[in-house]
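Tertiary structure, described
The lines below spell out each chain.
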Amino acid sequence: MNNYTKLPIPILILFTFIFSNSVLGQTASESELISGEVINKTIAADEQHIYATELKNGMALMGKVVQQGIDVVIDIYKPNGQLLKQIDSSNGTEGDEPFDITVNQSGKYKFVIHSLEKDSKKGVYTLDVEQILSLSENTKRITKRELPTETLYNLWESSLTNTQAIDTFMANHPERHFIEPIEGDDKNMLVTYFCVPHGNTEYVMLSGGPDFLGLRFQQLPNTKLHFVTQKVPKDARFNYGFNYFTLDKVGPNGEIETRNVLHAYDGTVEMPNAPKQIYIKERENVAKGTLLSTSLQSKILNEERKITIHTPANYNLKEAHDLLVIFDGEAYGANRRTRIPTPTIMDNLMAEKKIPKTITVLVWSMGKRGKDLISENFGDFIATELIPWMRSEYNIHPESDKVILAGSSRGGFAASFIALNHSDVIGNVLSQSGSYWIKGTADENHWIYPEDNGKLINEYMNSERLPIKFYMDVGLYDAGASMLGMNRQFRDILKLKGYEVDYQEFKGGHNYVNWRGTLSDGLISLIGAKAE
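Here's a quick rundown of the structure. Here the structure is a predicted model, which is why all the values come from computation and not from measurement.

**Notes on the overall build of the chain**
- Scanning the chain for helices and strands turns up 12 helices and 25 strands.
- For the chain, the C-alpha atoms occupy an extent of roughly 110 × 65 × 60 Å along the three principal directions.
- Once local pairs closer than 6 in sequence are excluded, the contacts in the chain between residues at least 24 apart make up 73%.
- Total accessible area on the chain is roughly 26,500 Å²; 50% of this is exposed by carbon and sulfur atoms.

Right under this line is the structure:
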């Protein structure tokens, strides 16, 4: 048995401490390290060269040891004699051993250069003390390295001397993001989001954009500003939001804790190469159609359903028109200040002769979209009451291929569902981010992680091909398997069954900021003038 194990524990601890620090006691010779100094020395395998420097907490020492003919290591010791770090790269007897040390204690630090190979020959090393930085200098250096953008660094540096820097920055940036190039990347740019959360905020989360699960903000050092960055393709467009996760404590010692989530901000990112949305704004030289808000008494729904009808400028009763029916009329232009200005889009498309003369019916949801848009009764209302009524009041082509049913989210599902059951009346489906995950059963799929195929995927798969054309689009940043995945699956089923499908994906999410642009794409695809 090793005799050391027979020693009392206090003696063993003392022996271990003396042994571990014996490298520092073998010689009293030590040289002071000076910033900018370059030292060239020959060293033998059994030698140790000791250097020392006084450093205050937060200071840094940077440099390198260049090896020539001998493999050396650098042992760095704290003021109390404990080993802080051993630097030994795998480059053998030639090359650099770089060091960059930021200390967290004040006192004398020792640097011991020696070889671990006791049978090696003498060699030469060059000790290059590149910089010894003060706390202030090192703080700026590390902060510049850690912060992802020059803008954030400049803001942080300004805050060191200007107590109003953050408030001024916020006042000058009403949109809570900025976009900057990424060096060497011609496809993406860096988007920085920022906010000043409430004092009781534990953390802030970003929703929206390419990161489906969200991103957590971090605090700009020693300021009240929080930020997070995201690499975004140059052709993206999407909405985003901030959520504050708050913590409140009650009681003499904060015994009672309550947590809440506060939705704090909504914004829109439009990257430089995002698809142009050229039809969404009114044009001075384009005649405007007429909007008529009315209602239709439905026996099937046992209610009076509000609708808004858009007729083209200079509507001619003697001329047959195509018919466009859109769900969620309140959002699609039932008045001219809504999320998707369908009347303006139709005016511009017809003025450019991109589509034939078309009458549009905007069907109001009236707070019932969750039920109506998956209901067979609602589908029967559209196909057997609304469309026949429109034919009786306006000059509409009698053919089903002149009728388009359009909607987004559940509205896209509804358009495909109603067309499946009434293809003799409806020959075109325009689906924007259709909710094809819907089963319509008591054990409904989870809206993000569906376990089963959606209802329409199975029904179209098991039915004969019908005379229906499809335009579908969906965002790459939409809800994973339920939206992007199910749209792709529905597309594939349709194509396998022989349907004509124009399928598009855009770099965006599940929102109107994208659908307002793709509505015109869908109409041109389905009923647009064909190139000769």
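**Topic: the nonpolar core**
- Grouped together as the largest cluster of nonpolar side chains are 52 residues, with contacts concentrated most on Ile382, Leu386 and Tyr460.
- The biggest single contributor to this core is helix α9 (residues 410-421), with 7 residues.
- Those residues in contact with Leu386 that sit more than four places away from it in its chain are Leu296, Ile307, Val325, Val361, Val363 and Phe381.

**Quick word on the sheet that holds strand β16 (residues 237-250)**
- With respect to topology, 4 strands assemble into an open sheet ordered β13-β12-β16-β17, the strand pairing being antiparallel. Both outer strands of the open sheet, β13 (215-216) and β17 (256-270), are each paired with one neighbouring strand and no more.
- Of the strand pairs in this sheet, β16 and β17 are connected by 14 bridges, and their pairing is antiparallel. Bridged to Phe245 within β17 is Val261.
- On the sheet, helix α12 (residues 512-527) packs against β16 and β17 and is oriented at approximately 165° with respect to β16.

**Concerning the pairing of strand β11 (residues 185-195)**
- Judged by how many residues are buried, β11 sits mostly within the fold: 8 of 11 residues are covered.
- Adjacent in sequence and paired antiparallel, strand β10 (residues 177-182) and β11 are bridged by 2 residues, among which Gly184 carries a positive phi angle near 80°.
- Summarising the sheet, β11 and strand β15 (residues 226-233) pair through 8 bridges and their orientation is antiparallel. Counted as the bridge partner of Val191 is Gln230 from β15.

**What about unusual backbone geometry?**
- The phi dihedral of Asn222 is positive, around 60°, even though this residue is not glycine.
- Inspection of the secondary structure puts Asn222 in the loop between β14 (218-219) and β15.
- A relative accessible area of 80% means that Asn222 is categorised as exposed.

**Remarks on helix α8 (residues 376-393)**
- In a regular helix each residue adds 1.5 Å, so 18 residues correspond to 26 Å; α8 covers 25 Å between its end C-alpha atoms and thus fits that length.
- Taken together, the buried positions of α8 are Phe378, Gly379, Phe381, Ile382, Ala383, Glu385, Leu386, Ile387 and Met390.
- Where α8 begins, one side-chain oxygen reaches toward the backbone nitrogen of Asn377, 3.1 Å away; that side chain belongs to Ser375.

Reading the values: rules and limits
Residues numbered from 1 in each chain as written. Predicted model: local features only at pLDDT ≥ 70, side-chain atom pairs only at ≥ 80, totals over all residues. Heavy atoms only, no water. Helix = DSSP H or I, 4+ residues; strand = E, 2+ residues; numbered from the N terminus. Contact = heavy atoms within 4.5 Å. Areas by Shrake-Rupley, 256 points an atom, 1.4 Å probe, with all protein chains shown as cover. Core = buried A, V, L, I, M, F, W, Y, C linked by side-chain atoms within 4.5 Å. Buried < 20%, exposed > 50% of the residue type's maximum accessible area, 1.4 Å probe, protein only. Pairing = 2+ DSSP bridges. Axes fitted to C-alpha atoms, helices over the stretch in contact; angles between N-to-C directions. Expected span 1.5 Å × (residues − 1). Polar contact = N/O pair within 3.5 Å; in protein donor to acceptor, adjacent residues only side chain to side chain.

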